[in-house]
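# Structural features, examined
Here is how the chains run, residue by residue.
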Amino acid sequence: GYHALWTSAEADWATCRTQILANHQVIAFKSCFPTSQIESDAQLAQYQTWYLAMRDFFDTRTDRQFIVVTPPPLHRLSNEAAWATRARAFANWLGSATYLSGHPNVHCYDLFDAFANADDGSDTANMLRYNYETSHEDGDSHPNALADETVGPAFAAFIGGVVSGL
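The structure displayed is predicted, hence computed values, not measured ones.

Turning to the pairing of strand S3 (residues 106-109), a few remarks are in order. Covered by surrounding structure in S3 are Val106 and Cys108 together with His107 and Tyr109, the residues of both alternating faces. Pairing analysis gives four bridges linking strand S2 (residues 65-69) to S3, with the strands arranged parallel. Along S3, the bridge assignment pairs valine 68 with cysteine 108.

In the structure shown here, the tally under the stated rule is five salt bridges. Measuring nitrogen to oxygen at the nearest pair gives 2.7 Å for the salt bridge that ties arginine 76 to glutamate 133. In this pair, arginine 76 sits in the loop between S2 and helix H4 (81-94) while glutamate 133 sits in the loop between helix H6 (111-115) and helix H7 (145-164), placing the two residues 57 residues apart along the sequence. Glutamate 133 gets classed as buried once you look at its relative accessible area, which sits at 2%. By sharing partners, the salt bridges in this structure join Arg61, Asp63 and Arg64 into a single network.

Assignment of secondary structure puts asparagine 79 in the loop between S2 and H4. Only 3.3 Å separates the side chain of asparagine 79 from the backbone oxygen of leucine 74, close enough to count as a polar contact. Apart from the residues lying within four places of it in its own chain, the contact partners of asparagine 79 are Leu74, Ala84, Asn126 and Met127.

Of all five residues that make up S2, five are buried, and the element is covered over most of its length. What joins strand S1 (residues 26-30) to S2 is helix H3 (residues 41-59), and the crossover it makes is right-handed.

Bringing H7 into the picture now. Over its 20 residues, H7 extends 28 Å from the first C-alpha to the last, a length consistent with the 28 Å expected when each residue adds 1.5 Å. Of all the bends in H7, the greatest reaches close to 30° and is centred on valine 151; the proline proline 153 follows between one and four positions later. Three or more residues of H7 are buried, namely Ala147, Val151 and Val162. Tucked into the core, H7 has its buried residues touching S1, S2, S3 and H6. Where H7 begins, one side-chain oxygen reaches toward the backbone nitrogen of leucine 146, 3.1 Å away; that side chain belongs to asparagine 144.

Conventions and cut-offs
Residues numbered from 1 in each chain as written. Predicted model: local features only at pLDDT ≥ 70, side-chain atom pairs only at ≥ 80, totals over all residues. Heavy atoms only, no water. Buried < 20%, exposed > 50% of the residue type's maximum accessible area, 1.4 Å probe, protein only. Helix = DSSP H or I, 4+ residues; strand = E, 2+ residues; numbered from the N terminus. Pairing = 2+ DSSP bridges. Salt bridge = Lys/Arg side-chain N within 4 Å of Asp/Glu carboxyl O. Polar contact = N/O pair within 3.5 Å; in protein donor to acceptor, adjacent residues only side chain to side chain. Contact = heavy atoms within 4.5 Å. Right-handed = clockwise from strand over helix to strand, strands pointing away. Expected span 1.5 Å × (residues − 1). Bend = angle between axes of the 7 residues up to and from the residue.

What follows is the structure, encoded as structure tokens:
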């Protein structure tokens, strides 16, 4: 829906977009963890195409700051190594110079990296950290309170940094 929100000329999307822009100078948004189920290179390329189109819109609104928050990783019991690798690649791309350079009002907070195991070649590389799992018995990818308490202050500080730069 974010692609449509930021790029569609359809009346409902345009009205929503106008309302957001009228009420906020700093706009942070993220997709939920199912976005990290990137099943193919073609799907990854589609995500990148959508985010480039969104960035094109952000470039027209230099009076606003946009914080793209990378999607969080999937739980190890709801994941596959190839999906996790592509999810890491997508998060890395969103935070890269390729995506951000030359676009001073576009920022990226890497929530994926904050919640994920390292990209270390292990069986759970790029998956939700074990100590951040809500349950170790099912594949619920929502992070637990420890994850929120750990990452929340860093995210707030990041937003504060963007705001202080206004």
